[in-house]
Amino acid sequence: MMKLINLNTWGGTHLDSLMEFIKSQRDQTDIFCFQEIYNSPKKTITPSGYCSNLLTKLSEILPDFDYFFSPQFHGRDFHSVVDYPLSQGLATFWKKRLSPKEKGEIFVFNSENEIIPIVGTNNILPPRNFQFIIFEKLEIFKTKNI
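Calculation notes
Residues numbered from 1 in each chain as written. Predicted model: local features only at pLDDT ≥ 70, side-chain atom pairs only at ≥ 80, totals over all residues. Heavy atoms only, no water. Salt bridge = Lys/Arg side-chain N within 4 Å of Asp/Glu carboxyl O. Helix = DSSP H or I, 4+ residues; strand = E, 2+ residues; numbered from the N terminus. Buried < 20%, exposed > 50% of the residue type's maximum accessible area, 1.4 Å probe, protein only. Phe/Tyr/Trp six-rings, centres within 6.5 Å; stacked < 30°, edge-to-face > 60°. Pairing = 2+ DSSP bridges. Axes fitted to C-alpha atoms, helices over the stretch in contact; angles between N-to-C directions. Contact = heavy atoms within 4.5 Å. Core = buried A, V, L, I, M, F, W, Y, C linked by side-chain atoms within 4.5 Å.

Peer 1: Teacher, can you tell me more about the pattern of salt bridges here?
Peer 2: A side chain with one charge may pair with a side chain of the opposite charge, provided their charged atoms come close. Per the counting criterion, the structure on display carries 1 salt bridge. A salt bridge links Arg 97 to Asp 30; its shortest N-O distance comes to 2.4 Å. Residue Arg 97 is located in the loop between strand 4 (87-95) and strand 5 (100-109), and its partner Asp 30 is located in the loop between helix 1 (15-25) and strand 2 (31-39); the two are separated by 67 residues in the primary sequence. Judged by relative accessible area, which is 55%, Arg 97 ranks as exposed. Look at Asp 30 and you get buried, because its relative accessible area is 6%.

The following block contains the structure:
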């Protein structure tokens, strides 16, 4: 049996609790699907309180996993433009033994980095994408003839 966890990370705003939870689940989980993942070479908190290098932090605590990152937008968090490289999007992590044969993304609302400002606020309506990963068929259960 495979175990998959789908989790909105809130951009790492509760980083310690998030990391504790993932560490407690990583040994028995085969696939993690994360939303609101930030990726940057800069190790900082964004103006809106998000962890700019959350993707790196996740990859460090999931050394037995490979991942696929699909950015939705760049150069900002949800509320503020930044002056350093920053992307926000989706990330799927899978145990290395699973070896996907195909992976990709599909935008279902706008396209990458096509942001619609919400008038009168600092908020945006970001593009929406989803990821897909196709794995080779695995023999999960072995039956025993009696």
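Peer 1: I would appreciate a short explanation of the packing of aromatic side chains in the present structure.
Peer 2: In this structure the tally under the stated criterion is 8 aromatic pairs. Relative to Phe 78, the ring of Tyr 50 lies with its centre 6.3 Å away and its plane at 65 degrees, an arrangement referred to as edge-to-face. Of this pair, Tyr 50 sits in the loop between strand 2 and helix 2 (54-61) while Phe 78 is found in the loop between strand 3 (65-74) and strand 4, placing the two residues 28 residues apart along the sequence. Like Tyr 50, the residue Phe 78 is buried in the burial classification. Here the aromatic cluster, defined as three or more aromatic residues joined through ring pairs, consists of Phe 32, Phe 34, Phe 65, Tyr 67 and Phe 93.

Peer 1: Is there a simple way to think about the sheet that holds strand 3 in this case?
Peer 2: For sheets, the rule is that strands pair by backbone hydrogen bonds, running either parallel or antiparallel. Here 4 strands make up an open sheet; going across it, the order is 1-2-4-3 and the pairing mixed. The open sheet is flanked by strand 1 (4-8) and strand 3, the only strands paired with a single partner. Pairwise comparison of adjacent strand axes, ignoring direction, gives a mean angle of 20 degrees for this sheet. Relative to strand 4, strand 2 runs antiparallel, the two being bridged by 7 bridges. Across the sheet, residue Asn 39 finds its bridge partner in strand 4, namely Ser 87. The sheet strands contacting helix 1 are strand 1 and strand 2, and the helix crosses strand 1 at an angle near 175 degrees. On top of the sheet, helix 2 reaches strand 2, strand 3 and strand 4; it is set at about 145 degrees to strand 2, its chief contact.

Peer 1: In this structure, what is going on with the nonpolar core? I would like to understand it.
Peer 2: As a rule of thumb, soluble globular proteins bury nonpolar side chains together. In terms of nonpolar packing, the biggest core is built from 17 residues, with Ile 22, Phe 32, Phe 34, Ile 37, Leu 58, Leu 62 and Phe 93 touching the most fellow members. Those elements giving two or more residues to this core turn out to be helix 1, strand 2, helix 2, strand 3 and strand 4. With 4 residues, the single largest contributor to this core is helix 2. For Leu 62, the residues in contact, after removing those within four places along its chain, are Ile 22, Arg 26, Phe 32, Phe 34 and Phe 93. In terms of nonpolar packing, the next biggest core, distinct from the first, is built from 8 residues, Tyr 50, Phe 78, Val 82 and Ile 124 among them.

Peer 1: Sorry, what's going on with the pairing of strand 3 here?
Peer 2: Residues in a regular strand project their side chains so that they alternate between the two faces of the sheet. Among the 10 residues in strand 3, 7 count as buried, and that is most of the element. As defined by bridge partners, strand 3 adjoins strand 4 across 9 bridges and the pair is classed as antiparallel. Residue pairing for strand 4: Asp 66 is matched across the bridge by Trp 94.

Peer 1: Whenever I open this one, the environment of Pro 41 confuses me. Can you help?
Peer 2: Along the polypeptide, Pro 41 turns up in the loop between strand 2 and helix 2. For Pro 41 and Asn 113, which are 72 residues apart along the polypeptide, the C-alpha to C-alpha distance reads 19 Å.

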